[in-house]
Amino acid sequence: MVTELNRNELSYPPPSGVIGAARKGLQGVNRYATAREIAELKSALSGYCGIAEEFIFVTSGVEILLGQLIQLFARKGGIVIIDPTFFIIARVAESLKTGLRKVRLMRPSLDLPMEPLIAEARDAALVVIDSPNNPTGRLLLDRESTRKICESTKGILLVDESYCEFAGFSVIDMVKNYSNLIVTRTMSKAFGLAGLKVGYMAAAEDVLRDLSSLEVALRPTTPSAYATVAALKDIEYMKNNAALVGKERERVSRAASAMGVEVYPSSTNFLLMRTSQTNAARKLKDLEVIVFDPSNQFSSQFIRVSIGTPDENNIFLSALEKVLAME
Amino acid sequence: MAKRIGLIVNPIAGMGGSVGLKGTDGKMYPKAVELGAEPVTAARAKAFLSHLKLKDKSAFSVAPGGMGEDIARDAGIKFTVVSSLSGRKTSADDTRRIGREMSNKVDLLVFVGGDGTARDVYDAVGLKIPVIGVPSGVKMFGAVFAVNAIAAAEIVDAFIEGNAAISEKEVMDINEEAYREGRLESKLYGYLMVPEVAGLVQSGKEATTYSESSHENQEAIARYIIEGMLADTLYLLGAGSTTTAIAEGLKVRKTLLGVDAIHNNRVVAENLNEKGILELLKHHNKVKIIISPIGGNGFIFGRGNQEFSPAVLKLIEKDDIIVVATRDKINRAASLRVDTNDARIDKKLKGFMRVVTHYNEEVVVEVV
Ligand SMILES: Cc1ncc(COP(=O)(O)O)c(C=O)c1O
């Protein structure tokens, strides 16, 4: 049996209430999701995030929204991203004709170098930072650095917080004070609804107005909307899962470290590791454990492994041990 | 069809290391033997062959005697022998001669040796066929080597299966005399086509590799650089294939392995050494250097590009140094590096630098 730990999903299924709600949403799928259903979804998200509905925009997954935002702002000026960053962010930005500046995380600390970032951000139309960062797992921004970037750029700061529930930290409330801040989040990670593709963003009304023409096209499906509302009523379930993932992550981290693997600290549901083996991801694949291969950004000794159930993690650890024992 | 794999072993490479000689180039070989050095390449070659999984899917052509044949026989693989040896002792001439012969007969050439062997192989095959080095020398600063014999086997397996990506990698020329005295002086000697295991194509949404070839990437860099070029400014183009792409874009000649000077889109000096550069600098006050990291580990000054000596760099502002590198190349180097033997110059260059990686695309990288 193949163990897939390459997409940073949650390994636990949603509670029955969420499945039931999705089923209810299915009953009306001859219709598009109505404005009222979307309003209910926004209201639930507003309650969860602690910000007013006027600040919220919902979308069928964050990925597509990130692409749209980058394309939208690229018409106004240059884009700044970090390196490495979530693959989709990099590829969309690279495909554009506008100026692209990447600011590389320092090695080996993987810290975000603020000074060059601020310098590049100054005249940019859009600065995109995924924090916690994929693939490093590192929380890159605190409130202070977020404030600094917002105040020094004449453009927009987009913080992708897809993994914020694992980090237990967010700057989403700062959209109330900074009209050039966008925060994106997803139901795909800690809430475990990846297959439903629901994401959302929070931003000041001016920014949202720019997106209004896309609002209908990006709406989530009806079953997704219903399921999300139900999931947001059961925050405890999500929190328990996030805590479980955190506990497992530390266990996997300790076990891999004990094998001599260099494990980077993570605020997410995945771990970046540097092994002693070249082509480590491929060797794990030969043992039917699929991890993400970040070899276009690091050497082929690196792997990014998602945290699964304790059983899945044990399968990964024993495969890792076998790979490390190869000559 | 079975892939044809060539194997050339330099039996004396790496022997200097154990007796502290830092290489067996030139006249050092008899000295190494006198000091009791043991051959090491045979063991590396054997390790490489024994880790190869797809031996049966390939046809081996090996160099004669101690340059391959003996080891291949020990390893129990099927092979044909290419050429014969001129005398009892093998030499660089043998490597070059056999390499040339193999370049018409194999799909991939594997050599076991060090930087010196890599240069001999380059002399023989150039960019005609892909080449991978199994590291066994004392100095291996070039990027044409696998990390070790096992990694080399993985790469060759991937090549046989058609899962290897091929790119040009630098062959370095290290001044062995200087190295023995504890200094590292190196320059770019040439390029070989080197296969590497391509990033895993992932199931699902996260595919990771670039679809563009490194040459297309270099052309995009060149277009961007050329558009930004200023009139009445002297551009000193360093060695390498990326800077050469810039010259091609300007439709002027470029010395692949040396520094050329361009002024108002015309070449004003070719293959400059330090002295020549200093002379030119006397007559120009607007000067920019365009260079690419050399050696596979991010070095911009100090390993390769040695024409840009501390005396030259003293006269150039950091902002007037333009670094260019393909996305792939910069992704592979964790940082940019300088080691000019002049602490003040190193200090001036350290901090952060932008690297042009595509058309209007730059990455800010730390210089260490
Ligand atoms: C940083 C980051 N943002 C966004 C996403 C995708 O989120 P969604 O499923 O909402 O499109 C991922 C998923 O891998 C991610 O790693």
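Keep in mind that this is a model prediction, so the values were computed, not measured.

Cut-offs applied
- Residues numbered from 1 in each chain as written.
- Chains lettered and ligands numbered in written order.
- Predicted model: local features only at pLDDT ≥ 70, side-chain atom pairs only at ≥ 80, totals over all residues.
- Heavy atoms only, no water.
- Helix = DSSP H or I, 4+ residues; strand = E, 2+ residues; numbered from the N terminus.
- Contact = heavy atoms within 4.5 Å.
- Domains from an automatic or database assignment.
- Buried area = accessible area lost by both parts, 1.4 Å probe.
- Polar contact = N/O pair within 3.5 Å; in protein donor to acceptor, adjacent residues only side chain to side chain.
- Nonpolar A, V, L, I, M, F, W, Y, C, P; charged D, E, K, R; others polar.
- Buried < 20%, exposed > 50% of the residue type's maximum accessible area, 1.4 Å probe, protein only.
- Salt bridge = Lys/Arg side-chain N within 4 Å of Asp/Glu carboxyl O.
- Near = heavy atom within 4 Å.
- Pairing = 2+ DSSP bridges.
- Right-handed = clockwise from strand over helix to strand, strands pointing away.
- Phe/Tyr/Trp six-rings, centres within 6.5 Å; stacked < 30°, edge-to-face > 60°.
- Lys NZ or Arg CZ within 6 Å of the ring centre and 35° of its normal.

1. Thoughts on the overall build of chain B
Move 1: Helices and strands together make up the secondary structure of chain B, namely 14 helices and 16 strands.
Move 2: Put simply, 66% of the contacts in chain B that link residues at least 6 apart link residues at least 24 apart.

2. Overview of the domain arrangement of chain A
Accessible area lost on assembly of the parts is the figure often given for the size of an interface.
Residue and element names in this part refer to chain A.
Move 1: In terms of domain boundaries, chain A breaks down into domain 1 (3-11 + 236-324) and domain 2 (16-231).
Move 2: Between domain 1 and domain 2, the residue contacts involve 19 residues of the former and 24 residues of the latter.
Move 3: With both sides pooled, the region where domain 1 packs onto domain 2 buries about 1800 Å², and carbon together with sulfur makes up 62% of that total.
Move 4: Of all residues in domain 1, M238, S267 and Q297 give up the largest surface area on contact with domain 2, accounting jointly for 30% of the area buried on that side.
Move 5: Our enumeration of links across domain 1 and domain 2 arrives at 6 residue pairs in polar contact (both at pLDDT 80 or more).
Move 6: Taken together, the elements giving at least two residues each to the side of domain 1 that touches domain 2 come down to α10 (235-258) and β10 (270-274).
Move 7: The element that contributes the greatest number of residues to the side of domain 1 that touches domain 2 is α10, accounting for 3 residues.
Move 8: Looking at the side of domain 1 that touches domain 2 residue by residue, the class counts come to 9 nonpolar, 7 polar and 3 charged.

3. So, unusual backbone geometry
Move 1: Put simply, A:R107 and A:P108 share a cis peptide bond, and its omega is -5°.
Move 2: Here A:P108 is to be found in the loop between β4 (100-104) and α5 (114-121).
Move 3: Omega for the bond connecting A:N134 with A:P135 falls within 30 degrees of zero, at 20°, which places this linkage in the cis form.
Move 4: Positive phi, normally seen in glycine, also occurs at A:N8, with a value near 55°.
Move 5: Relative to the assigned elements, A:N8 resides in the loop between β1 (3-5) and α1 (16-26).
Move 6: Since its relative accessible area comes to 1%, A:N8 is described here as buried.
Move 7: Of note in the backbone geometry, B:S83 takes a positive phi value of approximately 70° without being a glycine.
Move 8: Along the chain, the position of B:S83 falls in the loop between β3 (79-81) and α5 (92-102).

4. Thoughts on the pattern of salt bridges
Move 1: What the rule picks out here adds up to 38 salt bridges over all chains.
Move 2: A:R104 serves as the salt-bridge partner of A:D83, at 2.9 Å between the closest nitrogen and oxygen. With a gap of 21 residues between them, A:D83 in strand β3 (residues 79-83) and A:R104 in strand β4 connect regions that are remote in the sequence.
Move 3: Classification of A:D83 as buried rests on a relative accessible area of 6%.
Move 4: Residue classification places A:R104 among the buried residues on the basis of a relative accessible area of 3%.
Move 5: A salt bridge links B:R97 to B:D94; the nearest nitrogen and oxygen atoms lie 2.7 Å apart. With B:R97 and B:D94 both in helix α5, this residue pair falls 3 residues apart, about one helical turn.
Move 6: The exposure class of B:D94 is buried, given its relative accessible area of 2%.
Move 7: A cluster of three or more residues bridged by salt bridges with shared partners is formed by A:R91, A:E94, A:K102, B:R327 and B:E361.

5. Some words on the site of the ligand
Move 1: With respect to spatial proximity, 14 residues lie near the ligand, and among them A:V62, A:D160, A:Y163, A:T186 and A:S188 are the closest.
Move 2: The local environment of the ligand is shared, drawing residues from chains A and B.
Move 3: A:S162 places a side-chain nitrogen or oxygen 3.0 Å from a nitrogen atom of the ligand.
Move 4: Between A:S188 and the ligand, the recorded distance is 2.7 Å, taken from a side-chain N or O atom to an oxygen atom.
Move 5: Here the residues of the shell around the ligand are counted per class, giving 3 nonpolar, 5 polar and 6 charged.

6. Some details on the domain arrangement of chain B
Residue and element names in this part refer to chain B.
Move 1: Here the domain parsing of chain B yields domain 1 (3-196) and domain 2 (212-367).
Move 2: Contacts between the two partners involve 13 residues from domain 1, matched on the other side by 15 residues from domain 2.
Move 3: When domain 1 packs against domain 2, close to 1200 Å² is buried across both sides, 53% of that on carbon and sulfur atoms.
Move 4: Summed over the shared surface of domain 1 and domain 2, the result is 2 salt bridges.
Move 5: A salt bridge links K329 to E170, with the shortest nitrogen-to-oxygen separation between them at 3.2 Å.

7. Focus on the interface of chain B and chain A
Move 1: Listed by partner, the interface residues are 36 residues for chain B and 37 residues for chain A.
Move 2: When the two sides are added together, the surface that chain B and chain A hide from each other amounts to roughly 3400 Å², 44% of it contributed by carbon and sulfur.
Move 3: Where chain B meets chain A, there are 4 salt bridges.
Move 4: In this structure, A:R101 engages B:E362 in a salt bridge whose closest nitrogen and oxygen atoms are separated by 3.3 Å.
Move 5: At the boundary of chain B and chain A, one finds 16 residue pairs in polar contact (both at pLDDT 80 or more).
Move 6: Listing elements by their share of the side of chain B that touches chain A, those giving two or more residues are α7 (149-161), α13 (327-332), β15 (351-358) and β16 (361-367) of chain B.
Move 7: Among the elements that make up the side of chain B that touches chain A, the one with the highest residue count is β16(B) (6 residues).
Move 8: Counted by class, the side of chain B that touches chain A contains 16 nonpolar, 11 polar and 9 charged residues.
Move 9: With 4 bridges connecting them, β4(A) and β16(B) associate as parallel partners.

8. Here we look at the pairing of strand β6 (residues 156-160) of chain A
A regular strand places its side chains so that they alternate between the two faces of the sheet.
All names here are of chain A.
Move 1: Most of β6 is tucked away: 5 of the 5 residues are buried.
Move 2: Between the parallel elements strand β5 (residues 126-130) and β6, the chain passes through helix α6 (residues 143-152) in a crossover that is right-handed.
Move 3: Relative to strand β7 (residues 181-186), β6 runs parallel, the two being bridged by 4 bridges. Its bridge partner being in β7, L157 is matched across the sheet by L181.

9. Observations regarding the packing of aromatic side chains
Move 1: This structure, assessed with the given rule, holds 8 aromatic pairs over all chains.
Move 2: Judged by centre distance (5.1 Å) and plane angle (75°), the rings of A:Y163 and A:F270 are edge-to-face. Within this pair, whereas A:Y163 is found in the loop between β6 and α7 (164-167), its partner A:F270 is found in strand β10, the two being separated by 107 residues in sequence.
Move 3: Through pairs of rings, three or more aromatic residues link up here, namely A:Y264, A:F298 and A:F302.
Move 4: Over the ring of B:F159 we find B:K3; its NZ or CZ atom is 5.4 Å from the centre of that ring.

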